[in-house]
Amino acid sequence: MLDLKFVRSHLDQVKDMLKARDYELDMSHFEEVDAKRRTLITRLEDLRHRRNTVSQEIAKLKKEGKDASDLILEMKEVSAQIKTLEKEADQYDEELNQLLMVIPNIPDASVPVGKDETDNTVVRMWGEKKQMDFEPLPHWEIGENLGILDFACAAKLAGARFALYRGLGAKLERALINFMLDIHTKEHGYLEILPPFMVNRACMTGTGQLPKFEEDLFKIEGWDYFLIPTAEVPVTNIHREEILDEERLPISYVSYTPCFRSEAGSYGKDTRGLIRQHQFNKVELVKFSKPNESWEQLEILTRNAEEILRRLELHYRVVCLCTGDLGFSAAKTYDLEVWLPGQGLYREISSCSNFTDFQARRAGIRFKKKGTKGTELVHTLNGSGLAVGRTLVAILENYQQADGSVVVPEALRQYMGGVEKITGPTQS
RNA sequence: GGAGAGAUGGCCGAGCUGGCUGAAGGCGCUCGCCUGCUAAGCGAGUGUGGGUCGAAAGAUCCACCGAGGGUUCGAAUCCCUCUCUCUCCGCCA
């Protein structure tokens, strides 16, 4: 959510910036609601002030044993007025809030202006496409041939967009999770968090999934609980409605969780394989930073995520999302795209964003500078470090051999009990 | 699921027979004094959000004692609903 005062005083600027992300702001409506709300508040507070002072007079009169019935009668009237005005003010409050809640974040000046993903710019590349002297297969064929992935069985158990891992397939997924967590905690200084996989509505609103994107979420019937679409939600909300000490910043958390997404609106897209699932595993990096450090922290966080791909020796590129492709809450986002030879394309495997104070304002995450009064909003950042399922996809496709087996990347072997090559669900 | 207790400021903890209580007292913290240094001691200050005025410093007003509603001229204090925490019983991974 943007700052009301900022929007009010920079209406044209806000409108222009949002146009770059294809969002139309109804200025006149905004101004009208805002103005009405403010005059109401003024009137209300005048009345409340009067009620407070007169009530004290009444108390004094009664103490002295004098009659106060005239004043009481008058205050009865004032109180009734206050009550109706409060109801009215609440309505404008809500209306303004709704206007504000659906406005996306303002892109940083460094973000390229563009319409869609074709306007994203490649920031850097690492490694190169693996040369293969055979026709590389897509991962679903590799996995099914080896008997380590079973989509048919998952469909029987749940439905479309689920996967069942077998034997070394399951172990590889687990190895990746541990591998990523170890690097981020031991080498990059993140604190590991294992949060609830369901959260309440306040959390979803805090990080921006609600109210706008409820259809993307799985809701628990009969409860006001949602399955988390990413660890970002519970982990960012750890500090919701808190005032942090300046010295604690930046705070860096890493969290493995499964993620649940309805994928409403993506029917027919990526229907095969592990790419787009209702449930997938992810190791997420989350940072809370002082405003003047957040851009530096975004670079660090992105590098931390990249490090996983480098250790696994997977070719990737870093892309800066253009204004039109930017997510709702983000001011700037780098996508890490890994090369998938089986499909012959680069595929997003991590998305690292600086949300500036956008989430912090909604979630009420502030910090206090020593020696100064007042509080400031922190900046929140997060990024996948990495999407585990897609990393497994990248390994299958990049490390596949002509005979259908898959070599285990060097860095991962200690997590695989020394297995160097996968030839089936169990070690041969 | 059954029975009970509770939720107050950064923390501890009063208030809860309704009226100068944004909230005693203590701890912590900040600044000043004292001290050769440390400790102790003394003095002052120390919540958040918002409105109005002001260039600013600031002044002033309003709201907030788990959340929401109600009673009342007036609610931290009374009533109702909900949430959470704790204790006991039952059930259970």
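Residues numbered from 1 in each chain as written. Chains lettered and ligands numbered in written order. Predicted model: local features only at pLDDT ≥ 70, side-chain atom pairs only at ≥ 80, totals over all residues. Heavy atoms only, no water.

**Q** Help me understand the sheet that holds strand S14 (residues 376-377) in this model?
**A** In a beta sheet, neighbouring strands are held together by backbone hydrogen bonds and run either parallel or antiparallel to one another. Read from one edge of the open sheet, three strands run S7-S13-S14, paired in mixed fashion. Taken across any chain shown, the strands that pair with only one partner, and hence form the sheet edges, are strand S7 (242-245) and S14. (Pairing = 2+ DSSP bridges. Helix = DSSP H or I, 4+ residues; strand = E, 2+ residues; numbered from the N terminus.)

**Q** What is the right way to read the side chain of Arg361 from this model?
**A** Along the polypeptide, Arg361 turns up in helix H11 (residues 358-363). A relative accessible area of 19% places Arg361 in the buried class. Within the structure, Arg361 has its side chain in polar contact with the backbone oxygen of Met1 (distance 2.6 Å). The residues contacting Arg361, other than those within four sequence positions of it, are Met1, Leu2, Asp3 and Leu377. (Buried < 20%, exposed > 50% of the residue type's maximum accessible area, 1.4 Å probe, protein only. Polar contact = N/O pair within 3.5 Å; in protein donor to acceptor, adjacent residues only side chain to side chain. Contact = heavy atoms within 4.5 Å.)

**Q** Would you explain the sheet that holds strand S9 (residues 279-289) in this entry?
**A** If you walk across this open sheet you meet the eight strands as S1-S10-S11-S12-S15-S9-S8-S4, and the pairing is mixed. Looking at which strands have only one partner, the edges of the open sheet turn out to be strand S1 (121-126) and strand S4 (191-193). Across the sheet, the mean angle from the axis of one strand to that of its neighbour is 25°, orientation sign disregarded. With five bridges joining them, strand S10 (residues 316-320) and strand S11 (residues 332-340) adopt antiparallel strand pairing. Residue pairing across strands places Tyr316 opposite Val338, the latter belonging to S11. This element, helix H10 (residues 294-311), spans S1, S9, S10, S11, strand S12 (345-354) and strand S15 (379-387) of the sheet and lies at about 5° to S15. (Axes fitted to C-alpha atoms, helices over the stretch in contact; angles between N-to-C directions.)

**Q** Looking at this structure, I do not really get a nonpolar patch on the surface. What am I missing?
**A** Where nonpolar side chains cluster on the molecular surface, the patch consists of Met198, Trp223 and Tyr225 and spans about 330 Å² of accessible area. Its place among the elements puts Tyr225 in strand S6 (residues 225-227). When its relative accessible area of 35% is taken as the criterion, Tyr225 is described as partly exposed. (Patch = residues over 30% accessible without salt bridge, like charges linked within 9 Å, V, L, I, M, F, W, Y side chains within 5 Å. Areas by Shrake-Rupley, 256 points an atom, 1.4 Å probe, with all protein chains shown as cover. Salt bridge = Lys/Arg side-chain N within 4 Å of Asp/Glu carboxyl O.)

**Q** Before we go on, may I ask you to explain the packing of aromatic side chains in this structure?
**A** What describes a pair of aromatic rings is the distance from one ring centre to the other and the angle between the planes of the rings. This model, assessed by the stated rule, comprises seven aromatic pairs. Seen in terms of ring centroids, Phe179 and Tyr415 are 5.8 Å apart; in terms of plane orientation they differ by 75°. Their pairing is edge-to-face. One end of the pair, Phe179, is in helix H7 (residues 168-187); the other, Tyr415, is in the loop between strand S16 (406-407) and strand S17 (421-422), and 236 residues separate them in sequence. For Phe179, a relative accessible area of 3% corresponds to the buried category. Among the aromatic side chains, those forming a connected cluster through ring pairs are Phe213, Phe328 and Phe358. Across from the ring centre of Trp339, 4.4 Å away, lies the NZ or CZ of Lys129, which sits over that ring. (Phe/Tyr/Trp six-rings, centres within 6.5 Å; stacked < 30°, edge-to-face > 60°. Lys NZ or Arg CZ within 6 Å of the ring centre and 35° of its normal.)

**Q** Sorry, what's going on with the pattern of salt bridges here?
**A** The final tally for this structure, using the stated rule, is 24 salt bridges. Residues Glu307 and Arg311 are paired through a salt bridge, measuring 2.7 Å at the closest nitrogen-oxygen approach. With Glu307 and Arg311 both in helix H10 and four residues apart, this pair spans about one turn of that helix. Its relative accessible area of 23% is what places Glu307 among the partly exposed residues. Residue classification places Arg311 among the partly exposed residues on the basis of a relative accessible area of 29%. A salt bridge links Arg317 to Glu337, with the shortest nitrogen-to-oxygen separation between them at 2.7 Å.

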